Amino acid sequence: MELQIRKAMKRYFGYEAYKPGQEAVIKSILQARDTLGVMPTGGGKSLCYQLPALLLPGLTLVISPLIALMKDQVDALNDQGVAASFINSSLEPDEVRYRLYQASRGRCKLLYVAPERLASEHFNSLLDKIPISLVAIDEAHCISQWGHDFRPSYLGIGSWIGSMQKRPIVAAFTATATPKVREDIIRLLALKDPQVFVNSFDRPNLRWMLMKGIDRERFINRYLREHPDQPGIIYAATRKEVDSLFAELSVRSFKVGKYHAGMNSEERNHNQELFIHDEIQVIVATNAFGLGIDKSNVRFVIHNNMPRHLEAYYQEAGRAGRDGQAADCILLYHAGDIHIQKYLIENGTLSRERKVVEHMKLKSMIDYCHTPGCLRAYILSYFGERDFKSECGNCGNCNDYIVRDITIEAQKIFSCVYRMRQRYGSSMVASVLKGSQQKRIYQLGFHELSTYGIMSNLATEDIIEMINLLAAEEYLTITAGKYPIVKLTSKAAPVLRGEKRVIAKFPQPPESVSKESTIFQALRSLRKTIARQHGIPPYVVFPDSTLREMCERLPLNREDMLRITGVGEIRFERYGSQFLELIQKYVADPESIEKEKSLVRRLLPKDVTDKKKKSNIAGEQPSYLITWMQFQEGMSLEEISQEREMRPSTVQEHLLRAVREGYEVDWDRLINRHQEEQVLRTARELGTSGLKPIKKALPAEIDYFTIRMVMEKNGIRPS
Ligand code: ADP
Ligand code: ZN
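These figures come from a predicted structure and were not determined experimentally.

Caption draft 1: Structural view of the domain arrangement of the protein. You can read the domains of the protein as domain 1 (2–198), domain 2 (206–400), domain 3 (419–507), domain 4 (518–592) and domain 5 (599–713). Taking only C-alpha atoms, the centre of domain 1 and the centre of domain 5 are 51 Å apart.

Caption draft 2: Structural view of the site of ligand 1. Lining the immediate environment of ligand 1, one finds 15 residues, of which Tyr15, Ala17, Gly42, Ser46 and Arg322 sit closest. At 2.9 Å, a side-chain N or O of Gln22 approaches a nitrogen atom of ligand 1. For ligand 1, an oxygen atom lies 3.1 Å from a polar atom in the backbone of Gly44. Coverage of ligand 1 by the protein amounts to 83% of the 560 Å² it exposes when considered alone. Looking at the shell around ligand 1, its residues break down into 4 nonpolar, 8 polar and 3 charged.

Caption draft 3: Quick look at the pattern of salt bridges. Counted under the stated rule, the structure contains 42 salt bridges. The closest approach of N and O atoms between Asp328 and Arg207, which form a salt bridge, is 2.7 Å. On the criterion of sequence distance, the pair formed by Asp328 in strand β13 (residues 327–333) and Arg207 in strand β8 (residues 206–212) is long-range, its members being 121 residues apart. By relative accessible area, which is 6% here, Asp328 ends up buried. It is possible to trace a salt-bridge network through shared partners that takes in Asp278, Lys295, Arg299, Asp323, Arg527 and Asp544.

Caption draft 4: Examining a nonpolar patch on the surface more closely. On the surface, Tyr401, Val403 and Ile503 cluster together into a nonpolar patch covering about 270 Å² of accessible area. Residue position: Ile503 is located in strand β17 (residues 503–507).

Caption draft 5: A look at the pairing of strand β3 (residues 84–87). Neither face of β3 is exposed, since Ala84 and Phe86 on one face and Ser85 and Ile87 on the opposite face are all buried. In terms of strand pairing, β3 meets strand β4 (residues 110–113) through 4 bridges, oriented parallel. Bridge pairing links Ser85 to Leu111 in β4. The β-α-β motif built from β3, the intervening helix α5 (residues 93–104) and the parallel element β4 has right-handed crossover chirality.

Caption draft 6: Structural detail: helix α1 (residues 2–13). Along its 12 residues, α1 runs 16 Å from first to last C-alpha, staying within 8% of the 16 Å computed at 1.5 Å per residue. Buried within α1 we find Ile5, Ala8, Met9, Lys10 and Phe13. After α1 finishes, the residue Gly14 shows a positive phi value of roughly 75 degrees.

Caption draft 7: Molecular detail of the packing of helix α16 (residues 407–419) against helix α17 (residues 426–434). Viewed as axis vectors pointing N to C, α16 and α17 meet at an angle of 115 degrees, and their least axial separation amounts to 10 Å. The orientation of α16 with respect to α17, classified from their angle, is roughly perpendicular. For the element pair α16 and α17, the recorded crossing hand is right-handed. Counting all contacts with α16, which are made through Lys412, Ile413, Cys416 and Val417, the residues of α17 involved are Val429, Val432 and Leu433. A breakdown of the residues in the contact of α16 with α17 according to their chemical character gives 6 nonpolar, no polar and 1 charged.

Caption draft 8: Geometry of the sheet that holds β13. Taken in spatial order, the 6 strands of this open sheet run β8-β13-β12-β9-β11-β10, and their pairing is parallel. Strands at the two margins of the open sheet, each flanked by one partner only, are β8 and β10 (256–259). Between one strand axis and the next, the sheet turns through 15 degrees on average, direction left out of account. Sheet topology note: the β8/β13 ladder contains 7 bridges and is parallel. Bridging from a neighbouring strand, Leu206 pairs with Ala327 of β13. Sheet strands in contact with helix α10 (residues 239–251) are β9 (232–235), β10 and β11 (282–285), and its direction is about 170 degrees off that of β10. On the sheet, helix α11 (residues 265–276) packs against β9, β10 and β11 and is oriented at approximately 145 degrees with respect to β11.

Caption draft 9: Representation of the coordination of the zinc ion (ligand 2) in the model. Taken together, Cys374 (SG), Cys392 (SG), Cys395 (SG) and Cys398 (SG) make up the protein donors of the zinc ion (ligand 2), found 2.3 to 2.4 Å from the metal. Geometry at the zinc ion (ligand 2) is tetrahedral, judged from its 4 donor atoms and the angles of 101 to 120 degrees they form at the metal. The motif formed by the donor residues of the zinc ion (ligand 2), counted along the single chain, is C-x17-C-x2-C-x2-C. A residue pair is termed long-range when its members are at least 10 positions apart, and Cys374 in the loop between α14 (352–368) and α15 (375–382) and Cys398 in the loop between α15 and β14 (401–405) qualify at 24 residues. A relative accessible area of 7% means that Cys374 is categorised as buried.

Criteria and thresholds
Residues numbered from 1 in each chain as written. Chains lettered and ligands numbered in written order. Predicted model: local features only at pLDDT ≥ 70, side-chain atom pairs only at ≥ 80, totals over all residues. Heavy atoms only, no water. Domains from an automatic or database assignment. Near = heavy atom within 4 Å. Polar contact = N/O pair within 3.5 Å; in protein donor to acceptor, adjacent residues only side chain to side chain. Areas by Shrake-Rupley, 256 points an atom, 1.4 Å probe, with all protein chains shown as cover. Nonpolar A, V, L, I, M, F, W, Y, C, P; charged D, E, K, R; others polar. Salt bridge = Lys/Arg side-chain N within 4 Å of Asp/Glu carboxyl O. Helix = DSSP H or I, 4+ residues; strand = E, 2+ residues; numbered from the N terminus. Buried < 20%, exposed > 50% of the residue type's maximum accessible area, 1.4 Å probe, protein only. Patch = residues over 30% accessible without salt bridge, like charges linked within 9 Å, V, L, I, M, F, W, Y side chains within 5 Å. Pairing = 2+ DSSP bridges. Right-handed = clockwise from strand over helix to strand, strands pointing away. Expected span 1.5 Å × (residues − 1). Axes fitted to C-alpha atoms, helices over the stretch in contact; angles between N-to-C directions. Parallel < 35°, antiparallel > 145°, perpendicular 65-115°, else oblique. Left-handed = near helix turned anticlockwise from the far one by under 90°. Contact = heavy atoms within 4.5 Å. Donors = N, O, S within 2.8 Å, 3.2 Å for Na, K, Ca; no water. Tetrahedral: all angles 85-135°; square planar, octahedral: opposite > 155°, others 65-115°.

Okay, here's the thing in structure tokens:
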């Protein structure tokens, strides 16, 4: 058995070893025990039912809440050589029947369905004839009111299983750890004598950071500049905030998209696809985004606002680094976020009881923003873990930070707020402290206050940041509403009297990750080209972790390549040789890769870069530029013409146009030296008044395209 499991794991998934907790769950299922697996996001839950599905006879039915996720998972499985399929409302009845027929003939091992489907009589009658060995319930916490995405349709699963003629093995999976949710799952699914496996929620590769009171836009701008090419998600609390952040970042030419429930579904899906396929770097979104996204190479998740509770925060931030590689989770906390969340709770449709629970959860979230201790430890203890280090060494409160005594600044601010009678907002207070010449300040007589201009050495934005920090630390409150007002709290009085000092911790802003190595960039770009050709997300070709292992071990032959985690036989057959070739080329001559890789960026004339980026924002890339980019990324003219279903002559025209506009190309891939010499010699002899005579004088295999390219390369314009 053991050997069989490992063989299948390597062959289909390319894994040599289990991730923590997987082995126990898989074995429990294979011993025909009902099983509940609780694992953090990225812990590798899917393998826990996909592998048994391959080893058990008959069909495995996977119940999953999200249509989008189903399609991705099924695509990925098919790509690995596993026969899987899904059924959802987007399919025609005939297609549904056909898929079930395939399953009944054993031509499909995993079938994904949404829970609503189980209520369909028609579906059940078709399913009747299929031997089902395993029912796997993904995101099982959806069954519990105590979870964060309760779905009534999950409540029907238990009785549905009960009504089956032959009871299958039932396995449930969730990333929600709280004991209440766990109990609900076991009870409501009616699991029989289940084995329960709860894995640690720790995700050591995630670096938790908290930035208080800072200028969020400034921070995000800088972060994106310092992390080019790294996919990331920015969550904001409201649609309006998403829109404005998106606009701000687009103007600065970042490759961003946005996502919120106010957009139509077509737009949303489009942006989601662009993000999944690494066509845009960053997505700015409300919490409507992300359910069912299993993009594994998200390198950072920034929360522009504090979420309502840690469950939501952990789930959203946890979308970073699923591939196990280092990733940042950064929360930009402002005291004002509390008002938004309180408002949302109070004005939501929850029952009185649930509102109380939500307020308690919000309190824990706020406490997270104030804990002086290890952020990871706080999270783990919230989720009921007991066994963890009190200092993780990889969070904002464990890593380097600067401690500064800001008592004097605080006193100046408090006293100014007091003198302005606690009636104005932070920017007005800051303007007075700065000594601004605004008319309004004179009208109100604030230029006569003793605090006027006493912080003139700082920029107004920095004073505002300081006010926000003091609010985050609860020396000040900022009222809710359209015109928030800054007021003092009881904590400010002893500071003003000189009895207490204000010590602030400034986490070091996360330093930019070291520059990606050349070979990694080259592998990543090859991955993207392949993904485009196959119409699948890049991380499905190989996850970042696999590319990194390739960089470290530089495999030069099939055997070595197959030893890389994530390279299974099926995928090796499909793409392996291209990656091998690239690595071989790199090992033989590292510079050759450097040249190829930097070509696109280095050779783009500057104004063209800007133009290109601008057209990107509008969502439209001129067709000829797409051709040019594909060519630069290594696709041949034939491949481009096939992939985009364009005539070869059109592709040639595109490339010519790009060249004429100043986009550089790798000439050696278009014309060879010998031909070039021939064309130039002939042109010199016959003059360049017309192409026809030149063409006639040359051997037949030299076509017009080559002639025109040679001329472009040498700056000759036919007169
Ligand atoms: P979850 O559903 O628990 O969030 P996934 O099943 O999506 O997690 O797996 C997370 C990542 O871990 C994926 O990129 C997957 O390819 C990878 N993975 C899963 N099992 C293993 C394993 N045994 N070895 C290496 N990588 C694995
Ligand atoms: Zn820590």
